[in-house]
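Residue-level structure breakdown
Given next are the chains, with one letter for each unit.
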Amino acid sequence: MEYRELKVPGAWEITPRQFGDDRGVFLEWFREPGFSEATGRVLDLQQANCSVSAAGVLRGIHFADVPPGQAKYVTCVSGAVLDVAVDLRVGSPTFGVWDAVLLDDRERRAIFLSEGLGHAFLSLEDGSTVVYLCSTGYAPEREHEISPLDPEIGIEWPAVDRAGAPLELVLSDKDRAAPTLREARERGLLPAHRE
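Note that this is a predicted model, so its numbers are computed, not measured.

A look at the pairing of strand β6 (residues 58-64)
- By the criterion of burial, β6 is predominantly enclosed, with 5 of the 7 residues buried.
- In the sheet, β6 pairs with strand β11 (residues 117-123) via 4 bridges, with the strands oriented antiparallel. Bridged to Gly60 within β11 is Ala120.
- Sheet topology places β6 next to strand β13 (residues 143-145); 3 bridges connect them, and they run antiparallel. Bridging across to β13, Ala64 finds its partner in Glu143.

See the structure below:
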């Protein structure tokens, strides 16, 4: 596996080695101890999620209160998504910076997001299936969202799907009503940067 830290510290792109033959493909999409050697931490698995989305579905930017926060290890097993990490840690030198990784069923990359980072993804194909491992379980009272369309963050969401057809963004009511980064900071919702 190859690990590349993104421009958001604490977020990593993971590219697996794929072994294919006339039967199909085999790969390891998570492997310890390689993960801890590359990232400097251990992923304590507490929950595994699966999300299936139509083309144009935009989920996020989501994050959890820190502590304990929620680290995520994410891959797309079918279809394609643009997966985005956003630094939401107040006081971080990269506060408000985002970076993205294309997760799909061809390259089969994964992304790891540390606690305190925001997570969002846009489905680029009908039936895109995303699975992710989480360091803590879902707790609605600790969960928050930031508008994925906040111009201050400026995420460059694709305008076309995987086949090149125009995309129409579809957001949940909760994500559509989410505060901007500035509003969330003013409300004291954001995590603090920890050295």
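The structure having been displayed, the exposition proceeds.
Digging into the UniProt feature "active site" (unreviewed entry) in the protein chain
- Within this numbering scheme, the UniProt entry marks His62 and Tyr132 as carrying the feature "active site" (unreviewed entry). Their sequence span is 71 residues, while the largest C-alpha to C-alpha distance among them is just 13.6 Å; these annotated residues converge on one region.
- Summarising the element assignment, His62 is placed in strand β6.
- What makes His62 partly exposed here is its relative accessible area of 26%.
- Not counting chain neighbours up to four residues away, the residues in contact with His62 comprise Lys72, Leu117, Gly118, His119, His144, Glu145 and Asp175.
- A distance of 3.4 Å separates a polar atom in the side chain of His62 from the backbone nitrogen of Gly60.
- Position of Tyr132 relative to the elements: it lies in strand β12 (residues 128-134).

Points about the sheet that holds β11
- Strand order in this open sheet of 5 strands is β9-β8-β11-β6-β13, and the pairing throughout is antiparallel. Of all strands in the sheet, those bounded by a partner on one side alone are β9 (98-104) and β13. Averaged over all pairs of adjacent strands, the angle between strand axes in this sheet comes to 25°, irrespective of strand direction.

Calculation criteria
Residues numbered from 1 in each chain as written. Predicted model: local features only at pLDDT ≥ 70, side-chain atom pairs only at ≥ 80, totals over all residues. Heavy atoms only, no water. Buried < 20%, exposed > 50% of the residue type's maximum accessible area, 1.4 Å probe, protein only. Helix = DSSP H or I, 4+ residues; strand = E, 2+ residues; numbered from the N terminus. Pairing = 2+ DSSP bridges. UniProt positions renumbered as here; feature names shortened; annotations may be inferred. Contact = heavy atoms within 4.5 Å. Polar contact = N/O pair within 3.5 Å; in protein donor to acceptor, adjacent residues only side chain to side chain. Axes fitted to C-alpha atoms, helices over the stretch in contact; angles between N-to-C directions.

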